[in-house]
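Coordinate inspection notes
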Amino acid sequence: MYLIYALFSLTLMGMAFGYLLGIAARHFKVEDNPLAEKIEALMPGSQCGQCGYPGCRPAAEALVAGEAPPTLCPPGGRALAEQLANLLSLELDLSGVDDHLPMVAQVDETLCIGCCRCYKVCPTDALVGASKMIHVVVADACIACGKCVDVCPTECLKLHPVRPTLKTWRWPKPLLAGA
Amino acid sequence: MWKPYLSMLFKPGTIRGGVHPEPRKEATANLTIETAFPLPSILYLALQQHVGKAAEPVVRVGDRVLKGQLIAVSQGNVSAPLHAPTSGVIADIMDFPSAHPSALPTPTILLETDGLDEWREGIEEIDPFTLSAEEICARVGAAGVVGMGGAAFPSRVKLNLGRERRIETLIINGGECEPYLTCDDRLMQERAEAIVDGIRIMMRGLQCQQSIIGIEDNKLDAIEAMRRAVAPWASQMAVAVLPSLYPMGWDKQMIRYLTGLEVPAGGRATDIGVLMHNVGTAYAVHEAIRYQKPLISRVVTVSGGAVARPRNVEAPLGTPLSALLDFCGYQPERKARLILGGPMMGEALPHANLPLVKGAAGILALSVEEVSASDAKSCIRCSRCVTACPVGLLPLEMMSRIRAGQLESALKFGLKDCISCGSCSYVCPSEIPLVHYFKYANGELMAQQQAKHKSEQTRKLADERQARLERVRQEAAAQAAARKAQALAQAEARKAAQAAKASQSARSAETQTVESAS
Amino acid sequence: MKPVLSAPFKNASEEHAAIMDKVMLALLPATVIGLFVFGWPAVFLFLITLLSAIGWEAVCLRLAGRPIRSTLADHSALLTGWLLAISLPPWAPWWIGVLGGFIAIVVGKQVYGGLGQNLFNPAMLARVALLVSFPLEMTTWTPATLLGDGQPGFGAAWDIFLGQTIPDGYSGATSIGYLKTELSRGKMLPAIASEGDYNLGLNLIGLERGSLGETSAIALLSGGIWLLRQKVISWEIPVSLLLTVAVLAGVAVVLDPMHQPGIGFHLGSGGMLLFAFFIATDYVTSPNTRVGQMVFGAGCGALVFIIRTWGAYPEGIAFAILLMNSLTPLIDHYIRPRIYGRDFKGQPLEMEGKP
């Protein structure tokens, strides 16, 4: 008999406390706007649009809302994906990231007609040139977003993988078979 | 507050950690250096054989050069020039595979030798002790001398730094703790007087009065030879016998053992009044200053189970490693690993068609029995790696953090202080490639830093672009406003003029009517 | 592209199995003596515990999809089973061995992730679980006799092994257990000593009641010293442990000679040497650094003394080691070696300013 009393009362208390906790969670919920700002600060800020969102702020908000994976930003690469995953405590699937080598845009000088359409869309001003003059890409500033490739009428702009040099070579992660 | 206690720990003679790999030096330690190595037909001289900025060529394809002639100049302060190892014609200046595990291309000058071995002018012997300290340091730099122990750091920079910091002791590193390597040993046995001369020249260049030559106790003949050579200057120079241990040749370990002081983290040896140079560097300084001959060749140990006649060979820089190996009876079918340097810290090369560089102390072709190649097993936390680490790190903790992807927390256990000596990997019973993890982690952290830097740069560029567009917009708006204001002003002026004319004609009309009326 | 290999290219290569084999070799003298003096039931129990440990490890590996043969080849399960077996009462029934193997391997090791991942010493975890769950079977101590003198025959041994109640007249108390019960009854040491049949010499050899392999102090000591010479274990833990116990026991016997048995009793009894050389020195569950190991050993010694003197159980080793195992991560966190060029806080060393 006492066992049934004990079970009953404890179950009732558990349910009551759980209900109270639920009310508290909803009532005292903290707006996570600061989180979106923090994420935006981590991003490259070039508003290139490669993630599919119209800029870094909307992408940050999508991340906070949980609509986008932390690997959404190609220019940010693996480093950014890891930081975002850490910040948001998300699962990180790096299989799609960094499979491609870093890219840079290059002008094929035989095809450039100097129409000046490309530098107007470059988010980092990495294209230099004047009307009727051959344009050139400043490789250090180029983030390989691809916008210039889209607008070029003669298709003289293409994205090429950056060739690995002795200076950019890094030790790969050791492979461990089994444990 | 800690200083008095720490100084109690800093007694001379302290060693921490270290391992005892089999020396395997018997094959080459008792053979003289081979000086009659046949000249290869082409020498491949990489423009980057040193730490710092690559040298820039000053010759063109087709130029004929003499032995010892300058063919590339140093760029900036931390750099070293390059000289032709023999006479010949510049065949090409191109990207050629580098002596590196990746064998990625690096700018290289190809020198087609003509067999004449004709020296340039100006290689008479001079008295180094008539030169000033600054002059000596400058000439060391002009001769392209870099650290010959493997680090290949431009020696002029170190000498200048030592002179400015007024160091008290020059320590000469005759440790050579890596297995197989005996080039420094033979150099000390055969050319002790030249090395001592080089040391004295360096002391003059540094303006320091004292030097110690540290030699491991497994090189008794070298100790004897060096002792005899320093005897005339026994008040200033001494030979210190070090216990045979790997890594005794690690500069900071040797400094602590000999002086009792530790180089502070992030600092340099000059901060505590010492400077260290390799015996090979001392020899190169002797050649460069007394005989005005630049650094164009080096002694390299060719050894390993896949080499039939292992030997120390004095070969010109740029020699294809395959030529060196063939000279010593290379048996490619027995080779399991090709190593530049020693087995503990050297680099595995993918093939032997790569050139000899200034920092190459050894070329090893190891057979299957001489390498370990098992799969790594799980860590059993035996902490042998902790006991072996000469720096005092916790390799097992760093490794488990790196495996889990937590590179930042690996830093807490001392990742930045790791010298990649390999002692931890050597003793690990689970055969975990610990040093590989640390090299990977350091590279990854650097890449993350660079990526962050690039992100910040991109953001700055994007902001500047926005600012520029804003400026353009504002200027356009200002111009439009100015034009509008000007137009308005003109319109106002015209209206005023019209009004003035109208009133004037009205007044003249009035006077006319008045006149006609009277 | 071939994977890039990193230096060093040679390894000193002492395999896991070689290390475990050395430990088992060091345990062999004590084990053989134990099997000898306790008779056939002990032999059966020993074998079933070893088989159980290996068997459960194979089951877990199969479930985890890991290669069975190569993993078992590192002999770690065998060693765990051995350590567990020699700490069991010698005439315990077969299911104690099987259950002990299960708890040690499955709960104490595989659940944590396998070799190298466990927090607690698996053998001791199993022993504590068994002791708390089956106090009767785990505190039935049987006489130690030379050469079958008074030992049950083969058939009777088999029956005991299968779980039949141990015949009257066999079970008794260990010296520690006897001491504790008599002290709790208010007696003083000289009286207890004269009534009991404690003989230090015989005890050191191994002719006393106790666990299967823990009775022979001399065998354990020689095995432990051999292990030290072979550099399988380092001196910090055994020395700090035994020294702490000796100091505490010495001080205690000076303060309270009527109730305290003294240094020799503690050091020579009930597996103290097994504890010091074989159990506390387990690689996975002990700290990484020398100073940390000394702290660990001292803590183990102090806890064992406290539990023995004031605790409810006469034997405190298993509890002491589990408590100290739980402190190992804390010790590792705070006690780290001083890095070259840095002070104990990790900051670069300060040197007098040079121009």
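Residues numbered from 1 in each chain as written. Chains lettered and ligands numbered in written order. Predicted model: local features only at pLDDT ≥ 70, side-chain atom pairs only at ≥ 80, totals over all residues.

Moving on, we get to the overall build of chain B. Secondary structure summary: chain B contains 15 helices and 16 strands in total. Taking 24 Å as the expected radius of gyration for a compact globule of 518 residues, we find that chain B reaches 34 Å, considerably beyond that expectation. Taking the principal axes of its C-alpha atoms as reference, chain B extends roughly 140 × 60 × 55 Å. Relative to its 518 residues, chain B shows a buried fraction of 52%. For chain B, the share of sequence-separated contacts (at least 6 apart) that also reach a separation of at least 24 residues comes to 73%. (Helix = DSSP H or I, 4+ residues; strand = E, 2+ residues; numbered from the N terminus. Rg over C-alpha atoms; globule rule 2.2 N^0.38 Å. Buried ≥ 20, exposed ≤ 12 C-beta atoms within 10 Å, placed from the backbone. Contact = placed C-beta atoms within 7 Å.)

Turning our eyes to something else, we now look at the domain arrangement of chain A. Residue and element names in this part refer to chain A. Looking at the assigned domains, one finds that chain A contains domain 1 (33–96) and domain 2 (103–161). One C-alpha centre belongs to domain 1, the other to domain 2, and the line joining them spans 26 Å. Considered class by class, the residues forming the side of domain 1 that touches domain 2 number three nonpolar, four polar and no charged. (Domains from an automatic or database assignment. Nonpolar A, V, L, I, M, F, W, Y, C, P; charged D, E, K, R; others polar.)

A word on the sheet that holds strand S5 (residues 82–83) of chain B. The strand order across the open sheet built from three strands is S2-S4-S5 (chain B), with neighbouring strands paired in antiparallel fashion. Each of the sheet's edge strands pairs with one partner strand only, and the pair in question is strand S2 (56–57) and S5 of chain B. (Pairing = 2+ DSSP bridges.)

Tallying the contact residues gives 54 residues for chain B and 35 residues for chain C. At the level of secondary structure, the elements contributing two or more residues to the side of chain B that touches chain C comprise strand S14 (337–340), helix H14 (423–427) and helix H15 (434–517) of chain B. Tallied by class, the residues present in the side of chain B that touches chain C amount to 29 nonpolar, 13 polar and twelve charged.

Each strand in a sheet pairs with another by means of backbone hydrogen bonds, the pair being arranged parallel or else antiparallel. Residues and elements named next belong to chain B. With mixed pairing, five strands are arranged side by side in an open sheet as S13-S12-S16-S14-S15. In the strand order of this sheet, the two ends are held by strand S13 (311–316) and strand S15 (347–348), each with one partner. Sheet analysis places strand S12 (residues 297–303) next to strand S16 (residues 362–366), joined by three bridges and oriented parallel. By the bridge assignment, Ser303 is partnered in S16 with Leu364. Running over the sheet, helix H5 (residues 183–190) touches S12, S13 and S16 and is turned about 125° from S12. (Axes fitted to C-alpha atoms, helices over the stretch in contact; angles between N-to-C directions.)

Okay, the packing of helix H4 (residues 155–164) of chain B against helix H6 (residues 192–206) of chain B next. Residues and elements named next belong to chain B. Look at H4 against H6: their axes get within 8 Å of each other, and the N-to-C directions meet at 50°. Classified by the angle between their axes, H4 and H6 sit oblique to one another. Along its contact with H4, which presents Leu159, Gly162 and Arg163, the element H6 presents Met202, Gly205 and Leu206. By residue class, the composition of the contact of H4 with H6 is three nonpolar, two polar and one charged. (Parallel < 35°, antiparallel > 145°, perpendicular 65-115°, else oblique.)

This paragraph deals with the interface of chain C and chain A. Opposite the five residues of chain C that make contact, chain A presents five residues. Of the residues in the side of chain C that touches chain A, the class split is two nonpolar, two polar and one charged.

Moving on: the domain arrangement of chain B. All names here are of chain B. For chain B, the assigned domains are domain 1 (8–340) and domain 2 (376–500). Taking only C-alpha atoms into account, the centre of domain 1 sits 37 Å from that of domain 2. A breakdown of the residues in the side of domain 1 that touches domain 2 according to their chemical character gives six nonpolar, three polar and one charged.

The next thing to look at is the environment of Glu350(C). Here Glu350(C) shows up in the segment after helix H17 (317–334). Taking the C-alpha atoms as reference, Glu350(C) lies 27 Å from Ile331(C); in sequence the two are 19 residues apart.

Moving on: the environment of Leu111(A). All names here are of chain A. Within the secondary structure, Leu111 is located in the loop between strand S1 (103–107) and helix H5 (118–121). C-alpha separation for the pair Leu111 and Ile134, spaced 23 residues apart in sequence, amounts to 8.8 Å. Contact partners of Leu111, with chain neighbours within four places excluded, come to Thr154, Glu155 and Cys156.

A separate point is the environment of Leu258(B). Following the sequence through the fold, Leu258(B) ends up in helix H8 (residues 251–259). Placed 217 residues apart in sequence, Leu258(B) and Ser41(B) show a C-alpha to C-alpha distance of 46 Å.

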